[in-house]
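Now for the letters of each chain:
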Amino acid sequence: MKKVKALIMALGVATLASCGGNCSKITLENGVSLGYVSVPDNNFCITKTEITQEFYEAVTGVNPSQTKGAKFPVESVSWYDALVFCNKLSAQLGKTPSYKMNGSTNPADWGYTPHQSSIIEAEIEFNPDADGFRLPTMEEWDIAIKGGENFTYSGSEDLDSVAWTDCNSGGQLHEVAQLKPNGYGIYDMSGNVFEWVWSVRKDTSRYLRGGSYFDAARAGKCTNKELNYASRQFKTAGFRITWNKPKE
């Protein structure tokens, strides 16, 4: 058992014994962790919250957020920045990165400087079979936000119980996981910050889902999606990550 536990920690992944197999976390070398769930009847896992500022900084070395707080979701990150983060985290934990540009999965080879509102001109190749971290696809997002339920918002018909919007946030960003989760145990998929998802378009716009603390209630609906430039860095936009379940 000690050898198994040591191997798990070496990979940066730990299981919360009190929660059973459905409540686990990714733990980095400095001890910063992020919970995740294995989505029932589907082939992917997803983080229980948006990527926090402390987790983002532990992976990338920087925190670009305008409103600082360790447990706040990272914000002011572009869609491209999120891809860089995913590949860096994958490399750190010994997984195969999901994204490739110019024949390389190493973001250092992409000719891209994060957090500068710049554009990656090269074709972005996505490997759906890689075991590394990635942005949720639109389909995965639709499954995760519903949480096995059929509410207008993620986890309830009562918006204030599950989402920070302009109705209850006081115009402020909030720490993750302070409100009620949905049926899968996932927090803040409606409200707090919009979240980038994986999408491919002919132009440089990409989809955001979930609404934010600064936006009206309609933005937090499970069905809502919005477009903006992939290079934009909003104080109301962050992301969470998914990955394929290990093959048995």
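Residues numbered from 1 in each chain as written. Predicted model: local features only at pLDDT ≥ 70, side-chain atom pairs only at ≥ 80, totals over all residues. Heavy atoms only, no water.

Draft legend 1. Representation of the sheet that holds strand 9 (residues 225-229). Spatially, 4 strands are ordered 9-8-7-10 in an open sheet, and the strand pairing comes out mixed. Of all strands in the sheet, those bounded by a partner on one side alone are strand 9 and strand 10 (237-238). In this structure, strand 8 (residues 205-209) lies alongside strand 9, joined through 5 bridges in antiparallel fashion. Residue pairing across strands places Arg209 opposite Lys225, the latter belonging to strand 9. Sheet strands in contact with helix 4 (residues 138-146) are strand 7 (194-196), strand 8 and strand 9, and its direction is about 10 degrees off that of strand 8. (Pairing = 2+ DSSP bridges. Helix = DSSP H or I, 4+ residues; strand = E, 2+ residues; numbered from the N terminus. Contact = heavy atoms within 4.5 Å. Axes fitted to C-alpha atoms, helices over the stretch in contact; angles between N-to-C directions.)

Draft legend 2. Inspection of the state of the cysteines at higher detail. Under the criterion given, the structure shown has 0 disulfides. Of all cysteine sulfurs in the structure, the one in Cys222 sits closest to Cys167, which takes part in no disulfide; the separation is 16 Å. Assessed through its relative accessible area of 53%, Cys167 is described here as exposed. (Disulfide = S-S within 2.5 Å. Buried < 20%, exposed > 50% of the residue type's maximum accessible area, 1.4 Å probe, protein only.)

Draft legend 3. Highlighting the environment of Gly35. Examined against the element boundaries, Gly35 turns out to sit in strand 3 (residues 33-38). Here the alpha-carbon distance between Gly35 and Lys25, two residues 10 residues apart in the chain, equals 4.0 Å.

Draft legend 4. Structural context of the packing of aromatic side chains. Counted under the stated rule, the structure contains 14 aromatic pairs. Judged by centre distance (5.0 Å) and plane angle (75 degrees), the ring pair of Phe133 and Trp243 falls under edge-to-face. Within this pair, whereas Phe133 is found in the loop between strand 6 (125-126) and helix 4, its partner Trp243 is found in strand 11 (residues 242-244), the two being separated by 110 residues in sequence. Put simply, the rings of Trp79, Tyr80, Tyr99, Tyr112, Phe126 and Trp198 touch in pairs and so form one group of aromatic residues. Across the ring face of Trp79, the terminal group of Arg206 is positioned such that the distance to the ring centre comes to 4.5 Å. Positioned above the aromatic ring of Tyr207 is the side chain of Lys225, whose terminal nitrogen or guanidinium carbon lies 5.2 Å from the ring centre. (Phe/Tyr/Trp six-rings, centres within 6.5 Å; stacked < 30°, edge-to-face > 60°. Lys NZ or Arg CZ within 6 Å of the ring centre and 35° of its normal.)

Draft legend 5. Fine view of the pairing of strand 3. Both strand 2 (residues 24-27) and strand 3 contribute to a ladder of 4 bridges, which runs antiparallel. Among the inter-strand pairings, Thr27 is bridged to a residue of strand 3, identified as Ser33. With antiparallel pairing between neighbouring strands as the criterion, strand 2 and strand 3 make up a hairpin whose turn holds 5 residues, including Gly31 at a positive phi of roughly 95 degrees. Pairing analysis gives 3 bridges linking strand 3 to strand 4 (residues 44-47), with the strands arranged antiparallel. Within strand 4, the position partnered with Tyr36 by the bridge is Thr47. Linking strand 3 to strand 4, which pair antiparallel, is a turn of 5 residues; within it Asp41 sits at a positive phi near 60 degrees.

Draft legend 6. Molecular detail of the nonpolar core. Core analysis: the biggest nonpolar cluster contains 40 residues, and Phe55, Phe239 and Ile241 have the highest contact counts within it. Counting only elements with at least two residues in this core, the list comes to strand 3, helix 2 (53-60), helix 3 (79-92) and strand 7. Per-element accounting of this core gives the leading share, 8 residues, to helix 3. If we ignore the near neighbours within four places in the chain, the residues touching Phe239 are Glu50, Ile51, Tyr56, Val74, Val77, Ala82, Phe85, Leu135, Glu195 and Trp196. (Core = buried A, V, L, I, M, F, W, Y, C linked by side-chain atoms within 4.5 Å.)

Note that every value here comes from positions in space, so none of it alone points to a role or purpose.
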